[in-house]
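So the chains spell out like this:
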Amino acid sequence: MSATKQDLPLSQNPFSAPWSSLGLERLENFYLELAQSATSKAKYYAVNRQGLVNQIPQTSTDATRCWITTSGERTFQVAGRNVYELTNLGESRALIGTLATATGIVVAAENGYDLLFVDGSYGYRYSLTASYWYGQIGDQYFPGVTDTGFDTSKGPTHVYCIDTIFVVNAKDTTDAFWSAPGYKPYAFDPLQPSVTNLWWGTQFISKIGDTDHIVSMCSAVNHLYVAGINSTEVFWHTDDKYGQIFQRIDGAIIGVGCSARYSMVRAGSNVYLLGTESRTGALGMFVIHPDFTVERISKLGVETRIAAYPRINDCFSFVFSMGRHTFIAWQFPSGSSVDGGPVTGATWIYDLTTGQWTRWTKFNEGFHYRWQAQLSTFSAAWNKTLVGDGAGDAVYVLDSEAQMDDKADASGTYLLGCELTTPIGYLDNKVICYLDCQLNMQQGVGLRNNVNAGIDQMSGTTGTDPTVSMQYSNDLGTNWSEAVDKPMGSIGNAMVRTRWTLCGRARNRIWWFKLYAPVRRVVTGLTNTVQILSN
């Protein structure tokens, strides 16, 4: 019986089906690149994600809560109670103030003159022109402020700025309030020109399309998106400073609500969120376009995994870019990075450029955890994407040339833990005999020496002689073969083939590859030499 070649490309729609039907599908710490040439061997190829390079080592276990880079290219970080301004290309920072709370996401906005932070209980102000920390906002009309102090149950969770006007919501209510234009003392009542305020109790909007409280807010193209559990409403800026500055757009009541307070983000002109359809109750990730149409972007495989998490309302998201790719990271602290495994946190990555999903992790001693990057900001002045840490106040830069993640205290590195599985090899329920399999990938990219190369924790090899580990399953991922390692090729050895022989026979075959060595990993697919047997 003659042998034939069988090409098995990478999945062009990862996580498009429930996890149980695709043999525990994995695509960890890769992203999919779209081929730029018509002569390319594959439409998509998998490339390992960026590494995290430590800029400022961890000094405390207080997690990063907020990043913001202002229009004047000044970058600020909130970690624990501390508010820092970064300097020296993002490699040092100075404390400028402190918050009354130490945990939870903080949201910030600026209007060119002032920088406002809200932490879910209080609001804080910093002058960008005088570099002066004002501390807590105590204006009588600011959400959460009372005649006798503060009512943190009504404190602000979100703040945005549109045309120099700040808008903040009052937690667990239907109301959001706006400030004076330019955040300067202003006579809101034209009949009392001598009475000026920064906030005024009658200047507010209410979410009334559905009887649900404001869960989240976001601004895009000068519109304010106000989301509850059941629906999202859109308001526009009227420029009527003595009247209703923000008014609801007729018909802009969208039947998708927000399921996690800090999961709503803007990318380009669109708004993205983790939410539910009010009509069906279906959970997923959605995009709201500028014309207020809604598109579901999450794949079924992503949704079935998220639905299994014990909690989703602690999800938060952030946007970052690398080259021509723009990504949204959806962090689930209560999720799992291993299907059906323990709660280790999970990070789902959506690529706006290709529309594909992948999962990124922190890989430590053979186990996957939620990706350690927490929130991000881009500094054009430094040409750096800075990220924080979910377990401390360390600062990293995303670096596409880094093949490992630095530890928070700069004492060492973590391997990226790149893994992928193939689509199911199947042909009319016939038995396929696999004479060999070859992983098609970039070869000969080993390191020149072992200095800072890191150790492959699973196989013991170094980056100078990188290997790939292969396992296969004939029963949709219930059982797996023993792992067998093959070389990727030391530096310059581009002629090596990462190839396994005598791989058994099966009706349904899934291949699982682990590429842990700290070198660049680019994979296009799999080529098998097979014999097709009878039923």
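Now for a look at the structure at hand. (Residues numbered from 1 in each chain as written. Predicted model: local features only at pLDDT ≥ 70, side-chain atom pairs only at ≥ 80, totals over all residues. Heavy atoms only, no water.)

## So, the overall build of the protein
Line of reasoning, step 1. Along the backbone of the protein there are one helix and 47 strands.
Line of reasoning, step 2. Computed over its C-alpha atoms, the radius of gyration of the protein comes to 26 Å, within 12% of the 24 Å expected for a compact globule of 535 residues.
Line of reasoning, step 3. Based on the C-alpha atoms only, the size of the protein along its principal axes is roughly 95 × 50 × 40 Å.
Line of reasoning, step 4. Scored against the burial criterion, the 535 residues of the protein give a buried share of 57%.
Line of reasoning, step 5. For the protein, contacts bridging at least 24 residues in sequence account for 60% of all contacts bridging at least 6.
Line of reasoning, step 6. Summed over all atoms, the accessible surface of the protein reaches about 21300 Å², with 50% contributed by carbon and sulfur.
Line of reasoning, step 7. Here the protein holds 40 positive side-chain charges and 47 negative ones, and the gap between their average locations is 8 Å. (Helix = DSSP H or I, 4+ residues; strand = E, 2+ residues; numbered from the N terminus. Rg over C-alpha atoms; globule rule 2.2 N^0.38 Å. Buried < 20%, exposed > 50% of the residue type's maximum accessible area, 1.4 Å probe, protein only. Contact = heavy atoms within 4.5 Å. Areas by Shrake-Rupley, 256 points an atom, 1.4 Å probe, with all protein chains shown as cover. Lys, Arg positive; Asp, Glu negative; His and termini not counted. Charge placed at Lys NZ, Arg CZ, Asp CG, Glu CD.)

## Examining empty space enclosed by the protein
Line of reasoning, step 1. Under the definition given, this model contains two cavities of 30 Å³ or more.
Line of reasoning, step 2. Lining the largest cavity, in full, are Leu 10, Ser 11, Pro 14, Glu 25, Arg 26, Leu 27, Leu 32, Ala 46, Leu 420 and Thr 421.
Line of reasoning, step 3. Here the lining of the largest cavity is built from residues that sort into six nonpolar, two polar and two charged.
Line of reasoning, step 4. Approximately 50 Å³ is the volume found for the second largest cavity.
Line of reasoning, step 5. Lining the second largest cavity are Leu 27, Tyr 31, Leu 32, Phe 327, Ile 349, Tyr 350, Asp 351, Gln 356, Trp 357 and Thr 358.
Line of reasoning, step 6. Only β3 (30–34), β31 (346–351) and β32 (357–359) provide two or more residues apiece to the lining of the second largest cavity.
Line of reasoning, step 7. Broken down by element, the residue count for the lining of the second largest cavity peaks at three residues, all from β31.
Line of reasoning, step 8. For the lining of the second largest cavity, the per-class residue count stands at seven nonpolar, two polar and one charged. (1 Å grid on protein atoms, 1.4 Å probe; cavity = no way out; pocket = protein on both sides within 12 Å on 5 of 7 lines; lining within 4 Å. Points joined across faces, edges and corners; volume = space filled by probe spheres on them. Nonpolar A, V, L, I, M, F, W, Y, C, P; charged D, E, K, R; others polar.)

## A word on the sheet that holds strand β16 (residues 159–162)
Two pairing modes exist for strands in a sheet, parallel and antiparallel, and in both the strands are linked by backbone hydrogen bonds.
Line of reasoning, step 1. On the basis of which strands lie adjacent, the open sheet formed by four strands has the order β16-β17-β18-β19 and antiparallel pairing. Bordering the open sheet on either side are β16 and β19 (199–206), each of which pairs with just one other strand. Taken over all neighbouring pairs, the strand axes of this sheet differ in orientation by 30 degrees on average, direction set aside.
Line of reasoning, step 2. Pairing of β16 with strand β17 (residues 165–169), which is carried by four bridges, proceeds in the antiparallel orientation. The residue of β17 that forms the bridge with Tyr 160 is Val 167. (Pairing = 2+ DSSP bridges. Axes fitted to C-alpha atoms, helices over the stretch in contact; angles between N-to-C directions.)

## Considerations on the sheet that holds strand β23 (residues 246–254)
Line of reasoning, step 1. Reading across from one edge, β20-β21-β22-β23 is the order of the four strands in this open sheet, with antiparallel pairing throughout. Each edge of the open sheet carries a strand with a single partner, namely β20 (216–220) and β23. Ignoring strand direction, the axes of neighbouring strands in this sheet form an average angle of 25 degrees.
Line of reasoning, step 2. Two strands pair when backbone bridges link them, and strand β21 (residues 223–227) and strand β22 (residues 232–237) are joined in this way by five bridges, in the antiparallel orientation. Its bridge partner lying in β22, Leu 224 is registered against Phe 235.

## Let's talk about the side chain of Thr 347
Line of reasoning, step 1. Within the secondary structure, Thr 347 sits in strand β31.
Line of reasoning, step 2. Classification of Thr 347 by relative accessible area gives buried; the value is 0%.
Line of reasoning, step 3. Sequence-distant contacts of Thr 347, that is, excluding residues within four places in its chain, are made with Ala 329, Trp 330, Gln 331, Thr 358, Arg 359, Trp 360, Arg 370 and Trp 371.

## Structural notes on the layout of surface pockets
Line of reasoning, step 1. Looking at the largest pocket, its volume works out to about 1200 Å³.
Line of reasoning, step 2. Sorting the residues of the lining of the largest pocket by element identifies β6 (64–69), β10 (107–110), β16, β20, β25 (265–267), β29 (316–322) and β35 (373–379) as the ones contributing at least two each.
Line of reasoning, step 3. A per-element tally of the lining of the largest pocket places β29 first, with six residues.
Line of reasoning, step 4. Split into classes, the residues belonging to the lining of the largest pocket amount to 24 nonpolar, 12 polar and two charged.
Line of reasoning, step 5. Taken as a whole, the second largest pocket encloses approximately 530 Å³ of empty space.
Line of reasoning, step 6. Surrounding the second largest pocket, 29 residues form its lining, Thr 103, Gly 104, Ile 105, Tyr 262 and Asp 314 being those nearest its centre.
Line of reasoning, step 7. Taken together, the residues of the lining of the second largest pocket sort by class into 10 nonpolar, 11 polar and eight charged.

## Things to note about the environment of Tyr 132
Line of reasoning, step 1. In this fold, Tyr 132 is placed in strand β13 (residues 132–136).
Line of reasoning, step 2. Residue classification places Tyr 132 among the partly exposed residues on the basis of a relative accessible area of 48%.
Line of reasoning, step 3. The spacing of Tyr 132 and Gly 97 is 35 residues in sequence and 9.1 Å in space, taken between C-alpha atoms.
Line of reasoning, step 4. If near-sequence neighbours (up to four positions away) are discounted, Tyr 132 is found in contact with Arg 125, Tyr 126 and Ser 127.

## Comments concerning the nonpolar core
Nonpolar side chains in soluble globular proteins generally cluster together in the buried interior.
Line of reasoning, step 1. Core analysis: the biggest nonpolar cluster contains 50 residues, and Trp 330, Phe 332 and Phe 513 have the highest contact counts within it.
Line of reasoning, step 2. In terms of residue count, the dominant contributor to this core is strand β41 (residues 432–441) (five residues).
Line of reasoning, step 3. The residues contacting Phe 332, other than those within four sequence positions of it, are Leu 274, Met 285, Ile 306, Tyr 309, Ile 312, Cys 315, Gly 345, Ala 346, Trp 348 and Arg 370.
Line of reasoning, step 4. Membership of the second largest hydrophobic core comes to 42 residues, among which are Ile 137, Phe 318, Leu 386 and Val 387. (Core = buried A, V, L, I, M, F, W, Y, C linked by side-chain atoms within 4.5 Å.)

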